[in-house]
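Report on the structure
Single-letter residue listing:
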Amino acid sequence: MRIPLFLVAALLAVPAHAKLSAPEAIMAKTVDAEYERSVALLQKLVDQNSGTMNFAGVDAVGKMVRAELEPLGFTVVWKPMNAAHRAGHIVATRKGKIGAKRLLLIGHLDTVFEKDSAFQKFMRHGEKAEGPGAGDDKGGMVVIIAALRAMKAAGTLDAANFEIVLTGDEEDSGDPIAVARADLIAAGKRADAALDFEGLFVEDGKDMGSIARRSSNSWTLTTSGKTGHSSLIFNATFGDGAINELARILAAFRTELPEPNLTFNTGIVAGGATAALDADGVRATATGKTNIIPSTAIARGDFRTLCGEQTARVKAKMAAIVAQHAPGTDARIVFEPGGYPAMAPTAGNRALLAKLNGVNADLGLAEMAPLDPLRRGAGDISFVAKDVDGLIGLGTASTGDHAPGETVDLSSIKRQAKRAAILMTRLGSGR
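Since this is a predicted model, take the numbers as computed values, not measurements. (Residues numbered from 1 in each chain as written. Predicted model: local features only at pLDDT ≥ 70, side-chain atom pairs only at ≥ 80, totals over all residues. Heavy atoms only, no water.)

1. Examining the pattern of salt bridges
According to the stated counting rule, one finds 30 salt bridges in the structure shown. Across the salt bridge formed by arginine 181 and aspartate 380, the nearest N and O atoms sit 2.9 Å from each other. Placement of the pair is arginine 181 in the loop between helix H6 (177–180) and helix H7 (182–190) and aspartate 380 in the loop between helix H10 (347–363) and strand S16 (390–391), with a sequence separation of 199 residues. Of the two residues examined, arginine 181 and aspartate 380, each falls in the buried class. (Salt bridge = Lys/Arg side-chain N within 4 Å of Asp/Glu carboxyl O. Helix = DSSP H or I, 4+ residues; strand = E, 2+ residues; numbered from the N terminus. Buried < 20%, exposed > 50% of the residue type's maximum accessible area, 1.4 Å probe, protein only.)

Below, the structure written as structure tokens:
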């Protein structure tokens, strides 16, 4: 392959501390040379609203990504998710040379900012930019594209077999989730390594490596009691009432459940003579009077764990606490189906981080220590974690995600795309 003159000149200017092969040096310089192109692409993606429930917007972002991947030799397929009540996913594949390892790249097209959000546009301020999804996860998709373009420029794109899955509902997954994540799960079973391009965490100015994500499990607790005049509460006939029993159980969760890597939260509560949640479980209604013992109460929350065994243990402990309801009351807890599984910090994941740190050393970048999994929420890579080793956080660094003012560090595109391009080249070649 003939190397462009501008890349030859750039190659000669590689810092002395770098320990890159000639193709790797070309990748690094290509990322730098195309930096403004990457920023322009990010602006284009951000300015198209793709809130999860804006199906047309998610589809439009998918078309923009397709236009970037197809010229790189990818076969891009749009997978509609009508059955899961969502827009759809992008699945893109590209065959490499015979014997190349199979790499799964994961990101998402949607954001938390729907069409009615006041936060809609990309606004650049030097090396920072605000915008809906600028970091989560449109910055991650830009890193994927920048890295793949660098690999093509250096002639290393055939070093790996690629499958890219960009979900259209990561921020609010479709139901049933088994349908919504079927393509991703199948891709995980085919892969030799999975790379998640959600955001890079930076702590005290240091980039962190991520080898684990915690699960997300939702629950609904309902209590009932005998109703009557408030002056009769706590006696042997009327008992504690539904609200007091709900409060007692929640307090028992707080004192009896804590263990390392577990968090649990009560997100919404209602109680009284009547109490109910809406179909989505996000709004509550209740009626009652101060002089009436409440007959019903309901709470909904979640808990997060680091492995499947911990999930099962916590569910059993919660169920046991609920079963010990006070006399004169009843209580039951339902664990909602679906949810996000955990991605445990396995030896294979640690080995991938070690390979990434080898890339860091050769780029002259600092070693990335493992991030405390308490810092990350649940994510799509967890659906493939039991089948394939993986790394998280190969996307851009950002602050204020999921809120107006979300701000991406544009300069992180360069170091993340360089890391990804070199890592993918080495992994594809079995290094």
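So, next bit.
2. Some points on unusual backbone geometry
Of the consecutive residues aspartate 136 and aspartate 137, the connecting peptide bond is found in the cis state with omega at 10°. A cis amide bond links aspartate 175 to the next residue, proline 176, at an omega of 5°. Turning to its location among the elements, proline 176 is positioned in the loop between strand S6 (161–167) and H6. Residues other than glycine seldom take positive phi values, yet histidine 85 does so here, at roughly 65°. Inspection of the secondary structure assignment puts histidine 85 in the loop between strand S1 (75–81) and strand S2 (86–94). Phi at asparagine 261 takes a positive value of approximately 70°, unusual for a residue other than glycine. Relative to the elements of secondary structure, asparagine 261 occurs in the loop between helix H8 (242–256) and strand S11 (263–272).

3. Focus: the packing of aromatic side chains
Taken as a whole, this structure holds five aromatic pairs when the rule is applied. Consider the rings of tryptophan 219 and phenylalanine 253, whose centres lie 5.9 Å apart with planes at 80°: the pair is edge-to-face. One end of the pair, tryptophan 219, is in strand S10 (residues 217–225); the other, phenylalanine 253, is in helix H8, with 34 residues separating them in the sequence. Overall, the relative accessible area of 1% leaves tryptophan 219 in the buried class. Relative accessible area serves as the criterion here: at 2%, phenylalanine 253 is assigned to the buried category. (Phe/Tyr/Trp six-rings, centres within 6.5 Å; stacked < 30°, edge-to-face > 60°.)

4. Quick look at helix H9 (residues 308–323)
If you check H9, its first and last C-alpha atoms are 23 Å apart, about what 16 residues at 1.5 Å a residue would give, namely 22 Å. Within H9, burial applies to Gln310, Thr311, Val314, Met318, Ile321 and Val322. Taken around the axis of H9, the buried residues stretch over an arc of 105°, which confines them to a single face. In H9, those exposed residues whose orientation departs by more than 90 degrees from the buried face are Gly308, Glu309 and Ala323. (Expected span 1.5 Å × (residues − 1). Arc of directions from axis to C-beta.)

5. Comments concerning the environment of alanine 420
Tracing the backbone shows alanine 420 in helix H11 (residues 412–428). Every residue in contact with alanine 420, bar those within four places of it in the chain, is listed here: Ala147 and Phe197. (Contact = heavy atoms within 4.5 Å.)

6. A few points about the layout of surface pockets
Counted as a void, the second largest pocket has a volume near 240 Å³. In terms of lining residues, the second largest pocket is bounded by 18 residues, among which Asn217, Thr311, Tyr340, Pro341 and Ala342 are the most central. Counting only elements with at least two residues in the lining of the second largest pocket, the list comes to S10 and H9. Taken together, the residues of the lining of the second largest pocket break down into six nonpolar, nine polar and three charged. (1 Å grid on protein atoms, 1.4 Å probe; cavity = no way out; pocket = protein on both sides within 12 Å on 5 of 7 lines; lining within 4 Å. Points joined across faces, edges and corners; volume = space filled by probe spheres on them. Nonpolar A, V, L, I, M, F, W, Y, C, P; charged D, E, K, R; others polar.)

7. Considerations on the nonpolar core
Counting 69 residues, the largest nonpolar core has Leu148, Phe162 and Met424 as its most contacted members. Here the element with the most residues in this core is helix H5 (residues 138–154); it accounts for 11 residues. When near neighbours in sequence (up to four residues on either side) are disregarded, methionine 424 contacts Leu103, Leu105, Ala147, Leu148, Met151, Ala160, Phe162 and Leu195. (Core = buried A, V, L, I, M, F, W, Y, C linked by side-chain atoms within 4.5 Å.)

8. Quick word on the side chain of serine 38
Relative to the assigned elements, serine 38 resides in helix H3 (residues 35–47). The class for serine 38 is buried, based on a relative accessible area of 7%. Setting aside anything within four residues of it in sequence, one finds serine 38 in contact with Val142, Ala146 and Ile413.

9. Structural notes on the environment of glycine 107
Within the secondary structure layout, glycine 107 lies in strand S3 (residues 102–108). Not counting residues up to four positions away in its chain, the partners in contact with glycine 107 are Asp137, Val165, Leu166 and Thr167.

10. Focus: the packing of H10 against H11
Between two packed helices, what matters for the description is the angle formed by their axes and the separation of those axes. Contact geometry for H10 and H11: axes closest at 10 Å, N-to-C directions at 120°. Relative to H11, H10 is oriented oblique. Crossing hand, H10 versus H11: right-handed. Between H10, through Leu352, Lys355, Leu356, Gly358, Val359, Asn360, Asp362 and Leu363, and H11, the contact on the second element is made entirely by Lys418, Arg419, Ile422, Leu423, Arg426 and Leu427. Taken together, the residues of the contact of H10 with H11 sort by class into seven nonpolar, two polar and five charged. (Axes fitted to C-alpha atoms, helices over the stretch in contact; angles between N-to-C directions. Parallel < 35°, antiparallel > 145°, perpendicular 65-115°, else oblique. Left-handed = near helix turned anticlockwise from the far one by under 90°.)

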